Protein chains: 2
Amino acid sequence: MTTIKDVAKKAGVSVATVSRFLNNSGYVSTEAAQAVTVAVEELKYELNPIARSLNTKKSNLIGLILPDITNPFFPELARAVEDVALTYGYTVVLCNSDEDPEKEKNYIETLKKKYIAGFIVTSNQLDAPHYANANVPIVALDRTINEKIPTVSSNNKEGAIMGTNALLERGCKHILFLRGPEKLNPANDRYEGFMEAIQRSNVRYQVVTCPFHFADSQKIVERILQENPLIDGIFASSDVSAAGALKAAGTAGKHVPDELQIVGFDGVAMGAMLSPGLTTVAQDVYKMGAVATRVLIKRIENKKIEQNFYEVPVKLVIRGTTRSVVE
Amino acid sequence: MTTIKDVAKKAGVSVATVSRFLNNSGYVSTEAAQAVTVAVEELKYELNPIARSLNTKKSNLIGLILPDITNPFFPELARAVEDVALTYGYTVVLCNSDEDPEKEKNYIETLKKKYIAGFIVTSNQLDAPHYANANVPIVALDRTINEKIPTVSSNNKEGAIMGTNALLERGCKHILFLRGPEKLNPANDRYEGFMEAIQRSNVRYQVVTCPFHFADSQKIVERILQENPLIDGIFASSDVSAAGALKAAGTAGKHVPDELQIVGFDGVAMGAMLSPGLTTVAQDVYKMGAVATRVLIKRIENKKIEQNFYEVPVKLVIRGTTRSVVE
DNA sequence: CTGAAAGCGCTTACAG
DNA sequence: CTGAAAGCGCTTACAG
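The rules behind the values
Residues numbered from 1 in each chain as written. Chains lettered and ligands numbered in written order. Predicted model: local features only at pLDDT ≥ 70, side-chain atom pairs only at ≥ 80, totals over all residues. Heavy atoms only, no water. Pairing = 2+ DSSP bridges. Helix = DSSP H or I, 4+ residues; strand = E, 2+ residues; numbered from the N terminus. Axes fitted to C-alpha atoms, helices over the stretch in contact; angles between N-to-C directions. Contact = heavy atoms within 4.5 Å. Domains from an automatic or database assignment. Buried area = accessible area lost by both parts, 1.4 Å probe. Salt bridge = Lys/Arg side-chain N within 4 Å of Asp/Glu carboxyl O. Polar contact = N/O pair within 3.5 Å; in protein donor to acceptor, adjacent residues only side chain to side chain. Near = heavy atom within 4 Å. Buried < 20%, exposed > 50% of the residue type's maximum accessible area, 1.4 Å probe, protein only. Right-handed = clockwise from strand over helix to strand, strands pointing away. Nonpolar A, V, L, I, M, F, W, Y, C, P; charged D, E, K, R; others polar. Arc of directions from axis to C-beta.

## What about the sheet that holds strand β12 (residues 315–317) of chain B?
Residues and elements named next belong to chain B.
Then comes step 1: Read from one edge of the open sheet, six strands run β7-β6-β8-β9-β10-β12, paired in mixed fashion. Looking at the sheet topology across the chains shown, the edges are occupied by β7 (204–209) and β12. With direction set aside, neighbouring strand axes in the sheet form an average angle of 15°.
Then comes step 2: Two strands pair when backbone bridges link them, and strand β9 (residues 261–266) and strand β10 (residues 279–282) are joined in this way by four bridges, in the parallel orientation. Bridge assignment links Asp266 to a residue of β10, and that residue is Ala282.
Then comes step 3: Each of β6 (174–179), β8 (233–236), β9, β10 and β12 touches helix α8 (residues 156–169); the most contacted strand, β8, lies at about 165° to it.
Then comes step 4: Its contacts with the sheet put helix α11 (residues 239–252) on β6, β8, β9 and β10, and the angle it makes with β9 is roughly 160°.

Written as structure tokens, this is what we have:
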């Protein structure tokens with residue numbers, strides 16, 4: 001392995017000069033710079049990041065803490081994070097927390113020992129002390145806000161209004177809203193949006209809390225469809241729930257979209273594969289991840305960030321679970 | 001930050017002794033051990049992994065190189081890798097390669113500078129020099145074999161035989177096989193399995209190469225269904241292709257499973273959400289990841305591994321795209 | 001503008 | 001069984 005010493009010797013300068021040149025810190029004469037450039041070139045030298053970390057107490061690792069990469073929402077997020085991290089020379093460490101505060105805490109501590117540069121986290125425990133006292137740059141994703149921690153999330157409320165209106169414009173007269181878990185920020189924002197839009201109309205509605213889980217959603221919707229045959233529109237807070245609702249419509253013998261229209265939320269790839277294709281309020285998950293990562297890197301590099309809250313716009317994707325608009 | 005020096009001072013021994021004790025290397029008297037244990041306890045001391053890496057040229061990072069975490073096959077794999085890595089005290093770095101040899105090479109080089117402990121890789125370029133000369137433990141997943149690199153994969157051929165037989169036993173008389181990309185090892189094994197099973201029967205068949213891509217698969221199947229209305233069974237080499245086939249059946253007006261039966265391969269979660277639910281040959285992806293990680297860690301820790309090739313059994317999951325067995 | 005030297009927090013021969 | 005010392009490969013005051 002070639003070290004900074006080798007370069008110094010070859011260039012006829014001290015290691016301090018090589019270091020200063022490579023890090024662009026402190027003065028280096030043009031001649032010295034020249035010599036070092038040549039030596040680096042010839043030896044194909046690159047700084048050893050570990051030795052460097054030991055001194056600077058900084059690495060170029062970014063920790064990505066999320067509940068479970070297996071949840072269809074997260075792979076794309078992870079992809080975005082990794083893509084922009086790579087662009088800026090950072091490496092990402094994957095951490096599945098299962099929403100368990102202990103696991104989150106452990107990750108934070110283990111990685112801090114490795115001088116991690118910062119964290120991107122999706123968690124409901126953002127008010128936990130291990131975040132507040134982490135003493136390392138953090139950006140929160142999607143779920144929560146803590147005044148000190150920059151957050152990026154979708155325009156959930158706006159999206160829910162769009163989704164609700166989509167059903168309204170298509171003639172629904174009795175809408176079922178599948179509300180997500182009550183402690184989830186985005187789920188609550190979506191609920192708010194739904195309420196705002198539905199109350200502006202004179203349409204009847206019903207709200208049911210429903211986990212973001214396929215089989216559970218299916219069961220819940222099957223029951224409700226039986227109890228209330230008048231329901232002709234379902235707005236689900238997630239695509240997985242919407243898929244459950246679609247399946248339930250099948251078992252209940254309700255034709256979609258003729259008798260029952262369905263709109264989901266998320267925009268995961270699976271939606272297009274369903275029959276009929278799922279109309280949904282699509283989040284730009286990739287963008288969320290990309291924005292979060294850029295914000296984090298700015299914080300890491302002590303650049304000013306303009307704001308503490310970033311909203312990524314959401315988009316209505318019309319597919320087969322809705323009919324054409326009623327004029 | 002408390003260092004090994006603090007511990008040494010508190011315990012009244014030298015840092016060398018503390019280090020030996022903590023690493024379980026070399027002799028340490030019972031009294032010294034006692035004193036160190038107490039000091040470590042009181043100071044809540046933990047070794048600094050970076051300083052350690054600089055000396056030992058080893059870290060506890062594992063690199064997970066895969067084409068794209070966004071592909072439904074990989075999240076579960078990543079989850080398994082992370083789970084068992086965590087158990088053994090390793091941390092996983094996520095690397096999306098897009099099957100690009102340059103990206104793979106870059107990851108390997110960047111991470112080697114961080115003294116990465118080993119790699120788990122899914123790639124078609126496993127014969128590339130950057131793997132052969134990586135000089136770091138590697139375990140290959142799913143895709144390829146290189147005599148020197150331990151590989152874990154599904155029992156693809158066996159699975160394809162099971163899938164084909166499922167269709168045969170259910171009375172299919174003209175089967176379409178959606179073959180995956182020709183350079184993919186697993187796709188070829190599945191092809192072999194299909195051929196073996198189909199040729200044992202007297203049933204007519206047709207083979208078409210088809211990427212693991214939803215919309216493309218749909219298009220291809222739509223065309224073929226039109227050309228050949230006799231097809232009453234489709235065996236797809238992946239669930240995504242099967243989903244495309246199912247969609248195509250819908251547009252072609254073919255009732256599934258009455259007129260057309262479909263079997264997929266993979267066992268991704270989306271399969272259950274389709275209507276009807278997708279019958280498929282399910283891989284135990286989690287197990288593949290877990291086995292691969294355990295094998296890798298054994299190699300990292302210089303323990304003997306019993307074999308160089310691990311096959312994880314596959315399982316037929318019957319859902320709604322197939323009928324009941326014909327007696 | 002530059003280099004000698006100390007230091008980051010460990011590990012590991014080596015001498016005792 | 002133990003400790004002093006060198007070394008891993010860098011960075012960073014400091015003196016010049």
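## Structural notes on the domain arrangement of chain A
Residues and elements named next belong to chain A.
Then comes step 1: Each assigned domain of chain A is listed with its residue range as follows: domain 1 (4–47), domain 2 (61–153 + 286–312) and domain 3 (156–283).
Then comes step 2: The centre of domain 2, based on its C-alpha atoms, is set 30 Å off from the matching centre of domain 3.
Then comes step 3: Listed by partner, the interface residues are nine residues for domain 2 and nine residues for domain 3.
Then comes step 4: Between domain 2 and domain 3 lies a buried interface of about 680 Å² when both sides are counted; carbon and sulfur atoms form 54% of it.
Then comes step 5: When the buried surface of domain 2 facing domain 3 is broken down by residue, Pro72, Phe73 and Arg143 rank first, second and third, together holding 50% of it.
Then comes step 6: If you look at where domain 2 meets domain 3, you find zero salt bridges.
Then comes step 7: There are zero residue pairs in polar contact (both at pLDDT 80 or more) connecting domain 2 and domain 3.

## Remarks on the protein's contact with DNA strand C
Then comes step 1: Around DNA strand C sit 26 residues in total, of which Ser29 and Asn55 of chain A together with Ser19, Tyr45 and Asn55 of chain B are the nearest.
Then comes step 2: Atoms of DNA strand C within 4 Å of the protein belong to the sugar or the phosphate in 63% of instances, the rest to bases.
Then comes step 3: One of the side-chain nitrogen or oxygen atoms of Ser19 of chain B is found 2.4 Å away from a phosphate oxygen of DNA strand C.
Then comes step 4: At 3.3 Å, a backbone N or O of Ala51 of chain B approaches a base nitrogen of DNA strand C.
Then comes step 5: Broken down by secondary-structure element, the contributors of at least two residues to the surface near DNA strand C are α2 (15–23) and α4 (49–56) of chain A together with α2 (15–23) and α4 (49–56) of chain B.
Then comes step 6: Here the surface near DNA strand C takes four residues from α2 of chain B, the largest share from any one element.

## Considerations on the pairing of strand β8 (residues 233–236) of chain A
All names here are of chain A.
Then comes step 1: Residues Gly233 and Phe235 line one face of β8 and the alternating positions Ile234 and Ala236 line the opposite face, and both faces are buried.
Then comes step 2: Relative to β8, strand β6 (residues 174–179) is paired through four bridges, and the arrangement is parallel. Residue pairing for β8: Phe177 is matched across the bridge by Phe235.
Then comes step 3: Across three bridges, the pairing between β8 and strand β9 (residues 261–266) is parallel. What sits directly across from Phe235, in β9, is Val263.
Then comes step 4: Handedness of the crossover is the feature at issue here: the chain leaves β8, passes through helix α11 (residues 239–252), returns alongside β9, and the resulting connection is right-handed.

## Examining the interface of chain A and chain B
Then comes step 1: Chain A puts 45 residues into the contact, and the matching count from chain B is 45 residues.
Then comes step 2: Together chain A and chain B conceal approximately 3900 Å² of surface at their shared face, both sides included; 61% is due to carbon and sulfur atoms.
Then comes step 3: The largest per-residue losses of area from chain A upon contact with chain B belong to Ile50, Arg79 and Met273 of chain A, which jointly make up 18% of the total buried on that side.
Then comes step 4: Linking chain A with chain B are six salt bridges, by the criterion used here.
Then comes step 5: For Arg79 of chain A, the salt bridge identified is with Asp98 of chain B, shortest N-O distance 2.2 Å.
Then comes step 6: Linking chain A with chain B are 19 residue pairs in polar contact (both at pLDDT 80 or more).
Then comes step 7: Sorting the residues of the side of chain A that touches chain B by element identifies α4, α5 (74–87), β2 (91–96), α6 (101–113), α11 and α12 (270–273) of chain A as the ones contributing at least two each.
Then comes step 8: Its residues assigned to classes, the side of chain A that touches chain B shows 27 nonpolar, eight polar and ten charged.

## Observations concerning the protein's contact with DNA strand D
Then comes step 1: Lining the immediate surroundings of DNA strand D are 27 residues, of which Ser19, Tyr45 and Asn55 of chain A together with Ser29 and Asn55 of chain B lie closest.
Then comes step 2: The contact atoms of DNA strand D, taken as those within 4 Å of the protein, divide so that sugar and phosphate hold 63%.
Then comes step 3: Taking Ser19 of chain A, its side chain carries an N or O atom lying 2.4 Å from a phosphate oxygen of DNA strand D.
Then comes step 4: Between DNA strand D and Lys57 of chain B there is a distance of 3.1 Å, counted from a phosphate oxygen to a side-chain nitrogen or oxygen.
Then comes step 5: For the surface near DNA strand D, the secondary-structure elements that each account for two or more residues are α2 and α4 of chain A together with α2 and α4 of chain B.

## Observations regarding the sheet that holds β6 of chain A
Residues and elements named next belong to chain A.
Then comes step 1: Overall, mixed pairing links the six strands, which are arranged β7-β6-β8-β9-β10-β12 in an open sheet. A strand with exactly one partner marks an edge of an open sheet, and here the two such strands are β7 (204–209) and β12 (315–317). Ignoring which end each strand starts from, the neighbouring axes of this sheet average 15° apart.
Then comes step 2: Relative to the sheet, helix α10 (residues 214–227) contacts β6, β7 and β8, its axis offset from that of β7 by approximately 145°.

## Here we look at unusual backbone geometry
Residue and element names in this part refer to chain A.
Then comes step 1: Cis peptide bonds are those with omega within 30 degrees of zero, and the linkage from Val256 to Pro257 qualifies with 10°.
Then comes step 2: The backbone of Lys57 shows a phi angle near 60°, a positive value even though the residue is not glycine.
Then comes step 3: Here Lys57 is to be found in the loop between α4 and β1 (61–66).

## Describing the pattern of salt bridges
Then comes step 1: Considering all chains together, one arrives at 26 salt bridges over all chains under this definition.
Then comes step 2: A salt bridge links Asp83 of chain A to Arg79 of chain A; its shortest N-O distance comes to 2.6 Å. Taken together, the residues Asp83 of chain A and Arg79 of chain A, both in helix α5 and four residues apart, mark about one turn of the helix. Each of the two residues, Asp83 of chain A as well as Arg79 of chain A, counts as buried.
Then comes step 3: A salt bridge links Lys157 of chain B to Glu192 of chain B, with the nearest nitrogen and oxygen atoms 3.7 Å apart. With Lys157 of chain B in helix α8 and Glu192 of chain B in helix α9 (residues 185–200), this pair connects stretches of sequence that are 35 residues apart.
Then comes step 4: With relative accessibility at 31%, the residue Lys157 of chain B sits in the partly exposed group.
Then comes step 5: Given a relative accessible area of 43%, Glu192 of chain B falls into the partly exposed group.
Then comes step 6: Shared partners join several salt bridges into a network, and the residues in it are Asp68, Asp98 and Lys103 of chain A together with Arg79 and Asp83 of chain B.

## Structural notes on α4 of chain A
Then comes step 1: Of all the residues in α4 of chain A, the buried ones are Pro49, Ile50 and Ser53 of chain A. What you see down the axis of α4 of chain A is that its buried residues fit within an arc of 95°, all on one side.
Then comes step 2: Residues of α4 of chain A that are buried make contact with α4 and α6 (101–113) of chain B.
Then comes step 3: The distance from a side-chain oxygen at the start of α4 of chain A to the backbone nitrogen of Ile50 of chain A is 2.7 Å, and the residue carrying that oxygen is Asn48 of chain A.
Then comes step 4: Positive backbone phi, at 60°, marks Lys57 of chain A, one or two positions downstream of α4 of chain A.

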